[in-house]
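Now for the letters of each chain:
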Amino acid sequence: GSIFQLTWMLMGFEQFSYNLVEDPGLVQAIFEKIYQGIRWELEDALARDVVGAVWYVDDIAFKDRLMVAPDLLRKEVFSRMRELVSACRRRNLPFIYHTDGDISAVLQDIIAIGVDAIHPIDPTGMDIYKTKRAVQGRLCVIGNIDVDLLNRGTPEAVAADTRRHIR
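Remember, it's a predicted structure, so these values are computed and weren't measured experimentally. (Residues numbered from 1 in each chain as written. Predicted model: local features only at pLDDT ≥ 70, side-chain atom pairs only at ≥ 80, totals over all residues. Heavy atoms only, no water.)

I tried to follow the packing of aromatic side chains on my own but got confused; where do I start?
The relative placement of two aromatic rings is captured by the distance of their centres and the angle of their planes. Within this structure, the stated rule accounts for six aromatic pairs. For the ring pair Phe-4 and Phe-16, a centre distance of 5.9 Å and an interplane angle of 85 degrees mean the geometry is edge-to-face. Residue Phe-4 is found in helix H1 (residues 3-11), and its partner Phe-16 is found in helix H2 (residues 13-22); the two are separated by twelve residues along the sequence. The exposure class assigned to Phe-16 is buried, which follows from its relative accessible area of 0%. On the numbers, 5.2 Å between centres and 85 degrees between planes, the contact of Trp-8 with Phe-13 is edge-to-face. Aromatic rings pair up to connect Phe-4, Trp-8, Phe-13, Phe-16 and Phe-31 into one cluster. (Phe/Tyr/Trp six-rings, centres within 6.5 Å; stacked < 30°, edge-to-face > 60°. Helix = DSSP H or I, 4+ residues; strand = E, 2+ residues; numbered from the N terminus. Buried < 20%, exposed > 50% of the residue type's maximum accessible area, 1.4 Å probe, protein only.)

In this structure, what is going on with the side chain of Asp-59? I would like to understand it.
Structurally, the position occupied by Asp-59 is in the loop between strand E1 (54-57) and helix H4 (70-89). At 11 Å, Lys-63 is the nearest oppositely charged side chain to Asp-59, a buried residue that forms no salt bridge. For Asp-59, the side chain forms a polar contact with the main-chain nitrogen of Asp-100, separated by 2.9 Å. Excluding residues that lie within four positions of it along the chain, Asp-59 makes contacts with Phe-4, Gln-5, Met-67, His-98, Thr-99 and Asp-100. (Lys, Arg positive; Asp, Glu negative; His and termini not counted. Salt bridge = Lys/Arg side-chain N within 4 Å of Asp/Glu carboxyl O. Polar contact = N/O pair within 3.5 Å; in protein donor to acceptor, adjacent residues only side chain to side chain. Contact = heavy atoms within 4.5 Å.)

Have a look at this one:
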């Protein structure tokens, strides 16, 4: 589940945006209800011996900016994600966070809640080399291969781009 995405998708993004101003209590209640379901699902999954890591998906950004103000993410999303990360930590399992777009404005917040790795560092939104330098030793960066190249490129072109990034 996705705390942010599921919350706004229940209302549609436009109505979600209006409700942030006109009925913030409703938005907060939906965030909490969504989180409770996700937390239950996570605890159920973590009770199984076959789980080796958690891959959490919740897109919070466009290619060039966050979808909402960083303070909203800190209050309603990251505070709850911290609990999901903590549940993984108690079991010595990595927590990998997938979110598209330019998340540089909240990258330090993501590190602070204990996320182990971030994916995909979309090359149209962020520079993986600059990001890697900024988070070195605190967060693993994954990805940065252009999705269009993956979909339409030749196997040779994908391999060449991958090798370039590894170097």
